[in-house]
Amino acid sequence: MKLLELQGLTARYGAGDVLKGLDLTVDEGEIVTLLGSNGAGKSTTLRAISGLVPNVSGDIRLAGQSLIGMKPEAIVRLGIAHVPEGRRIFPGLTVRENILLGGSNRRGARRGVLESDTDGMFEVFPDLKRLEHALGWTLSGGQLQMVAVARGLMAQPRLLLLDEPSLGLAPLIVQQVFRVVADIRARGTTVLLVEQNAHMALSVADRGYVLETGRLLVSGKPDDLWSNPQVRAAYLGGAH
Amino acid sequence: MDIALQLLFTGLGIGSIYALVALGFVLLIRAASVVNFAQGEFSMLGAYLMVIFFTGFGLSYFLAMILSVVLMAAFGVIFAGVVYWPLRHRGQLPVIISTIGASILLANLVLVLYGPSPQVLPGVFDAPGIQVGPVFMDSQYLTIIVSAAVLVGLQYLVFEKTLLGKKLQATSQDKEMASLLGIPVATMVLITFAYSSALGGLAGILVAPILFVSVGMGALIALKAFAANIIGGFGSIPGAILGGLALGVVETFGASYISVPYKDAFAFLTLLIFLMLRPQGLFGERIAEKA
Amino acid sequence: MTATPLSARRWRGVPVALAALVACVVAVQFVPAQGYYLNILMQAATYGIAVIGIVVVLGYCGQITLAQAAFFGIGAYGVALGTVDFGLNFFVALAIGVLLSGLLGLLLGVASLRLGGHYLAMVTISFQQILTLVLTNWISLTHGPDGVPGVPRAAIFGISFAGGEAYLGLCLVVLVLITLYSWRLKSSRLGRAMQAVRDNELAASTSGIDIFRTKVLAFGISAILGGIGGGLFAGGFSYISPDQFSFPESIVLLTMALLGGVQSPIGALFGTTLLIILPEWLRFLRQVYLAVYGAAVILIMVFLPDGIWGWATQRLRRTPPAPPEVAPLPLLSVKGEATDEPVLEIRGLAKHFGGLRALDGVDLTVRRGTVHALIGPNGSGKSTFINVVTGLYRPTAGRVSFLGQDITYAAPYVRNRLGLARTFQNIRVFRGMTVLDNVVVGAERPGNDIAEDPEAVTERALAALEFVGLRGDAYRMVGTLSYGHQRYVEIARALASSPACVLLDEPAAGLNMTEKQELGVLLRRLKGHGLTILVIDHDMNLVEQVADHITVLNFGRRIADGDPRSVLDSPDVIAAYLGQPQEKQGSHEAA
């Protein structure tokens, strides 16, 4: 079943048109990855889905419902959680508090339920348990990424938007992060993953789209994309 | 030494007022990046509301106080809607100037309604005070210090222990991320304005018996509270409190040992020294612009 | 040969001013020697001078001041105390008051060194409050709250201005001269520097403007104007007291400037007159008029940020004339050859932000006449690198030398004056100025060969615009240009400063395909003229087209350095961008 559908998405963000008529679908239970070099419009796509981009035209539908014009708070209540580029963990709050706030979209959820769900997160991410009361600004990049993902999952989303989770992380940590991503899909959450690191992304994804300057260049299954010379050219130029 | 202790008590008393107003300031700065030059008028309005309810309508002191504070909270929301909301994307300068305009508007509206002569508001307690060792603790000053301590304590509890408090903190640390989690950011900002206004009003009610209720009472307090913010570290909550207390003490000692007429100058001189030498204050961060 | 408009600069505004002077002198003959109208006009004239001071520091330079009444007061007390207590001649007393005012203004400007916005506002308020306290309490000097009565009118060399119309005439003459000065200031080098500081301080500093000096001068000029107004005020009304120069009066002066339009002296005078006459007409509102002021300030900020005059002139803006033709950009008509000579040498550059190592010991050499590209994945440290090299960040370690000189700790404007120019990834143009003025800022940077000759400066700026293909847009406001063209304006600004090396920070960012192609053409032309360029970008096609040499960063370290083909084919570089290929993956042990 189609969970997310983008049709002719055009976005103006800061500079001129950053997205130019983008078409994209994500089916329930998939991991779909959005690839491309910097400035290709990947992050803008996620931000547009989350309602953070004011000037968009075209259509964004979640299970058939249009998201255009909705505020971020309303979109997240529909079941989309966004783990943004740079993680953006609240620096002055503890790890536990950060994760707890991930459930802020769940209307009517009582404090007790959220607290026990947070305990549940520490089961899924046991490495974070010892950091439970550490303040956000003291964490390393890899730890921040784990907390950000846990926080995103607290929203019990139907769709998780992951923006460049490998950014600035050492290769070994990146592998850990992507194991987590694969695990998320196994637990039933659909993931739209934006990544610059094409190799890691394609190793977990079911399908991928490659963007170049706001337009769709090519899409398909990971193996097809990996062997496609256009993909390499999109990042490094020329014909290799 | 006895005199020093007495001065310390008095200094902490007036310092607590500065701390409360400075607290109202810093919360708005953190939540909405607003530097509110009308903060002093919140105190002035609170005091005048007390005059209306207590002196005018003859309500009991505590009922009048509660009513005044609640009305000030409501006023805070209106203030946010008129002065802040239309300008929230336009940068710092227009908002600063707009709050300056609001400050003048409020002060002069009250002037029209009540005239320039100061009103008298009695203290909470009839007894003048109690003698503790060498220090005579004036009952109103005592009330101020205790109230401020209780309020700060309650605020700490709300911020640290309640979910709402966490959401308020999150909003002030990263507004966009808070909104991405589903936290209603606009509501959080309005709550902060309401609280900040109520805080200012309460400070005005507490200090009114000492300073008299007049149109200009808020302005000078606010300027000093703002100075306290900078001295303590702009944007820091403990900095606001400690800065306020410190300023009250410095000012009281300065007035007594150096010069009374220039009492008010001490606040500004201290401020200028900090701005020149250590603009980040005692607890604040470095000020820099990213390219 | 240049056309007439450029050479007529020197006398701009003077004919109008002369006419105004004559008109004023004639008009005052019809004003009664004393009474209501005289007072209104004198107040308007003297306040107007002070309000023009606010136009300079806030309108032109963007620095908030809530202390103008203090400077007004210093001038007033200078005249009052000087003439009444010390028996000095009016003009001597005025000079002393204005001098003192100016010095304190410079001091206030020093406070603006690291502070802006609300900090600066607080400094000015503190200054204002301290002055009020001094005026009220230093009774032996200032007479305290009683004030100073009997201030005489001006007299010099036997000419007395004691009569009402004569004194008003004096005030108006001074007002006209000051209006002319401040109007011309806006289009002078200092005026442009102020506006650049207001619009984009970072870009101003990397365009050769000494930010600190500019702000200090702005405050100094503003204070001097305040002092002049105050001195004339004292002579006009013959009695002054401290409450006339207190914080509320600073607010009134600020409101006058905002109402009319803080960017224009004419607008400010309009606002001043309006706010002096209005309370008189609205006499029944006398009690409320300050409240109305307050409301007016809020409303102006929300609905009319340019003030009434500003709003009116916006509507009447004519289409700009066509700019003249000029000779081609001189420095670039020399065909240079690439050499081995290092222009920019960076050794072991490190920048740590707390625990984050944005740059971790980078070496890089840019040689004369080459295009050197710096690439790397997102977050690799490229922007940090360029910010450290241009002086916006202090390095944690390492050395930067330019043309043989160590510039590791030099201020940004110093680096620009040595010949290092840059553009910004997130376009930093001066939005309040025309396209031409934006580029003129670059052309007139101190140290540039033609910097002292205004006509040559304009020619050079037009030549730079011609080079990037925007000469026809010279007189448009820069904000009306497309994003890509604004980037070209930045490039023209850099070229106009006769740089020895240009740093381009992601010049292709935000450009569409057509604009990127145009940019590629432009870069190749620059390269053909032998300009030394360091370019950072993500667009590999662009980089491949123009670069002679590529350095690759990852995690703040250099991972490749050499000619484009070998760098882009290197497995390390491919891995950095695309991730490790399957075969090269290590074991899956947890950290």
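Residues numbered from 1 in each chain as written. Chains lettered and ligands numbered in written order. Predicted model: local features only at pLDDT ≥ 70, side-chain atom pairs only at ≥ 80, totals over all residues.

Trainee: Describe the overall build of chain A, with residues and values.
Mentor: A tally of helices and strands in chain A yields nine helices and 10 strands. The C-alpha radius of gyration of chain A comes to 17 Å, within 12% of the 18 Å expected for a compact globule of 240 residues. On the principal axes, the C-alpha backbone points of chain A span a range of 55 × 40 × 35 Å. Evaluated residue by residue, chain A yields a buried proportion of 52% over its 240 residues. (Helix = DSSP H or I, 4+ residues; strand = E, 2+ residues; numbered from the N terminus. Rg over C-alpha atoms; globule rule 2.2 N^0.38 Å. Buried ≥ 20, exposed ≤ 12 C-beta atoms within 10 Å, placed from the backbone.)

Trainee: Break down the overall build of chain B for me, with residues and values.
Mentor: Helices and strands together make up the secondary structure of chain B, namely 11 helices and two strands. In sequence order, the secondary structure elements of chain B are arranged as α-α-α-α-β-β-α-α-α-α-α-α-α. Taken over C-alpha atoms, the radius of gyration comes to 19 Å for chain B, in line with the 19 Å a tight globule of 291 residues would show. Reported as C-alpha extents along the three principal axes, the dimensions of chain B are approximately 55 × 50 × 40 Å. In chain B, once contacts between residues fewer than 6 apart in sequence are set aside, the share between residues at least 24 apart is 73%. (Contact = placed C-beta atoms within 7 Å.)

Trainee: Run through the confidence of the model for chain B, naming residues and quoting values.
Mentor: Residue and element names in this part refer to chain B. Looking at chain B as a whole, its pLDDT mean stands at 86, while 97% of the residues score no less than 70. Between residues 286-291, whose pLDDT stays under 50, and residues either more than four places distant or in other chains, the model counts eight contacts. Scored as a whole, the predicted complex attains pTM 0.83, and scored at its interfaces, ipTM 0.88. (pLDDT = per-residue confidence, 0-100.)

Trainee: Outline the interface of chain B and chain C, listing residues and values.
Mentor: Taken residue by residue, the interface counts 36 residues in chain B and 33 residues in chain C. Of all the secondary-structure elements, those providing two or more residues to the side of chain B that touches chain C are helix 4 (92-114), helix 9 (217-232) and helix 11 (263-277) of chain B. Here the residues of the side of chain B that touches chain C are counted per class, giving 29 nonpolar, five polar and two charged. (Nonpolar A, V, L, I, M, F, W, Y, C, P; charged D, E, K, R; others polar.)

Trainee: With reference to specific residues and values, describe the pairing of strand 9 (residues 207-212) of chain A.
Mentor: Residue and element names in this part refer to chain A. Of all six residues that make up strand 9, five are buried, and the element is covered over most of its length. Relative to strand 10 (residues 215-220), strand 9 runs antiparallel, the two being bridged by five bridges. Pairing of Tyr-209 across the sheet is with Ser-219, part of strand 10. The loop that links strand 9 with its antiparallel partner strand 10 comprises two residues; one of these, Thr-213, has a positive phi angle of about 40 degrees. (Pairing = 2+ DSSP bridges.)

Trainee: Could you give an account of the sheet that holds strand 4 (residues 356-367) of chain C, naming the residues involved and the relevant values?
Mentor: Residue and element names in this part refer to chain C. Taken together, four strands build an open sheet; the order of strands is 4-3-6-7 and the sheet is antiparallel. Two strands close off the open sheet at either side, each with one partner strand: strand 4 and strand 7 (405-406). Bridge count between strand 6 (residues 397-402) and strand 7: two bridges; the pairing is antiparallel. When the sheet's bridge partners are listed, Ser-401 is paired in strand 7 with Asp-406.

Trainee: Help me get a handle on unusual backbone geometry, residues and values and all.
Mentor: The backbone of Ala-63 of chain A sits at a positive phi, close to 50 degrees, despite the residue not being glycine. Residue position: Ala-63 of chain A is located in the loop between strand 4 (55-62) and strand 5 (65-66). Positive phi outside glycine occurs at Ser-498 of chain C, with the angle close to 50 degrees. By the secondary structure assignment, Ser-498 of chain C is in the loop between helix 20 (483-496) and strand 9 (501-505).

Trainee: So what's going on with the nonpolar core? Which residues, and what values?
Mentor: Ranked by internal contacts, the top residues of the largest apolar core, which has 362 residues, are Ala-227 of chain B together with Ala-257, Val-439, Ala-464 and Ala-492 of chain C. By residue number, the principal contributor to this core is helix 1 (residues 2-32) of chain B, which donates 16 residues. Split by domain, the residues of this core number at least three in each of domain 1 (12-247) and domain 2 (331-577) of chain C. Other than its neighbours up to four places away in sequence, Ala-464 of chain C contacts Leu-329, Val-439, Ala-443, Ala-492, Leu-495 and Ala-496 of chain C. (Core = buried A, V, L, I, M, F, W, Y, C linked by C-beta atoms within 7 Å. Domains from an automatic or database assignment.)

Trainee: Account for the environment of Pro-499 of chain C, with residues named and values stated.
Mentor: Structurally, the position occupied by Pro-499 of chain C is in the loop between helix 20 and strand 9. Sequence separation between Pro-499 of chain C and Ala-421 of chain C is 78 residues, and the spatial gap between their C-alpha atoms is 5.9 Å.

Trainee: Describe the environment of Thr-408 of chain C, naming the residues involved and giving the relevant values.
Mentor: Residue and element names in this part refer to chain C. Relative to the helices and strands, Thr-408 resides in the loop between strand 7 and helix 17 (412-418). Classification of Thr-408 by C-beta neighbours within 10 Å gives partly exposed; the count is 19. In this structure, the C-alpha to C-alpha distance between Thr-408 and Arg-394, residues 14 residues apart in sequence, is 8.0 Å. Dropping the residues within four chain positions of it, Thr-408 is found in contact with Pro-395, Arg-399 and Val-400.

Trainee: How would you summarise the sheet that holds strand 3 (residues 31-35) of chain A if you had to cite specific residues and measurements?
Mentor: All names here are of chain A. Ordered in space as 6-7-8-3-9-10, the six strands form an open sheet in which the pairing is mixed. Pairing within the sheet leaves two strands with one partner each, and these edge strands are strand 6 (80-83) and strand 10. Taken pair by pair, the neighbouring strands of this sheet meet at an average axis angle of 15 degrees, ignoring direction. Relative to strand 9, strand 3 runs parallel, the two being bridged by four bridges. Looking at strand 9, one finds that Thr-33 is bridged to Gly-208. Strands strand 3, strand 6, strand 7 (159-163), strand 8 (190-194) and strand 9 of the sheet are contacted by helix 1 (residues 42-49), whose axis makes an angle of about 145 degrees with strand 7. (Axes fitted to C-alpha atoms, helices over the stretch in contact; angles between N-to-C directions.)

Trainee: Outline helix 20 of chain C, supporting the account with residue identities and numerical values.
Mentor: All names here are of chain C. In this model, helix 20 (14 residues) spans 20 Å end to end at C-alpha, consistent with the 20 Å of a helix rising 1.5 Å per residue. Within helix 20, 12 of the 14 residues are buried, leaving the element largely enclosed by the surrounding structure. Regarding helix 20, the residues found buried are Gly-484, Gln-486, Arg-487, Tyr-488, Val-489, Glu-490, Ile-491, Ala-492, Arg-493, Ala-494, Leu-495 and Ala-496. Positive phi appears at Ser-498, one or two residues downstream of helix 20, with a value of about 50 degrees. (Expected span 1.5 Å × (residues − 1).)

Trainee: Just give me the short version of the confidence of the model for chain A, but keep the residues and values in it.
Mentor: Per-residue confidence for chain A averages 87 on the pLDDT scale, and 95% of its residues sit at or above 70. In the model of chain A, helix 9 (residues 229-236) of chain A stands out as the element of lowest mean pLDDT, 73, in contrast to helix 3 (residues 95-101) of chain A, which has the highest, 95.

Trainee: Tell me what's going on with helix 4 (residues 68-84) of chain C, and back it up with residues and numbers.
Mentor: Two residues of an α-helix separated by three or four positions point the same way, owing to the 3.6 residues in each turn. Taking 1.5 Å per residue as the helical rise, helix 4 of chain C with its 17 residues ought to reach 24 Å, and the 24 Å between its terminal C-alpha atoms agrees with that figure. Helix 4 of chain C sits mainly inside the fold: 16 of its 17 residues count as buried.

Trainee: So what about the packing of helix 3 (residues 36-60) of chain C against helix 12 (residues 247-260) of chain C? Which residues, and what values?
Mentor: Residues and elements named next belong to chain C. Following both chains from N to C, one finds helix 3 and helix 12 inclined at 70 degrees, their axes separated by 9 Å at the closest point. For the element pair helix 3 / helix 12, the angle class is roughly perpendicular. Residues Tyr-47, Ala-50, Val-51, Ile-54, Val-55, Leu-58 and Gly-59 of helix 3 form the contact with helix 12, whose participating residues are Leu-253, Leu-254, Met-256 and Ala-257. When the residues that make up the contact of helix 3 with helix 12 are grouped by side-chain class, the tally is 10 nonpolar, one polar and no charged. (Parallel < 35°, antiparallel > 145°, perpendicular 65-115°, else oblique.)

Trainee: Explain the packing of helix 1 of chain B against helix 5 (residues 139-161) of chain B residue by residue, including any values.
Mentor: Residues and elements named next belong to chain B. Axis separation between helix 1 and helix 5 bottoms out at 9 Å; the angle between their running directions is 45 degrees. Compared by their axis directions, helix 1 and helix 5 come out oblique. With respect to the hand of their crossing, helix 1 and helix 5 are arranged in left-handed fashion. Where helix 1 abuts helix 5, its residues Phe-9, Thr-10, Leu-12, Gly-13, Ser-16, Ile-17, Ala-19 and Leu-20 lie against Tyr-141, Ile-144, Ile-145, Ala-148 and Leu-151. Residues that form the contact of helix 1 with helix 5 fall into these classes: 10 nonpolar, three polar and no charged. (Left-handed = near helix turned anticlockwise from the far one by under 90°.)

Trainee: Lay out the pairing of strand 3 (residues 342-353) of chain C with the relevant residues and their values.
Mentor: Residues and elements named next belong to chain C. Sheet topology places strand 3 next to strand 4; nine bridges connect them, and they run antiparallel. Pairing of Ala-350 across the sheet is with Asp-360, part of strand 4. Here strand 3 folds back onto strand 4 in antiparallel fashion, the turn holding two residues, of which Gly-354 has a positive phi close to 65 degrees. As defined by bridge partners, strand 3 adjoins strand 6 across five bridges and the pair is classed as antiparallel. Counted as the bridge partner of Glu-345 is Ser-401 from strand 6.

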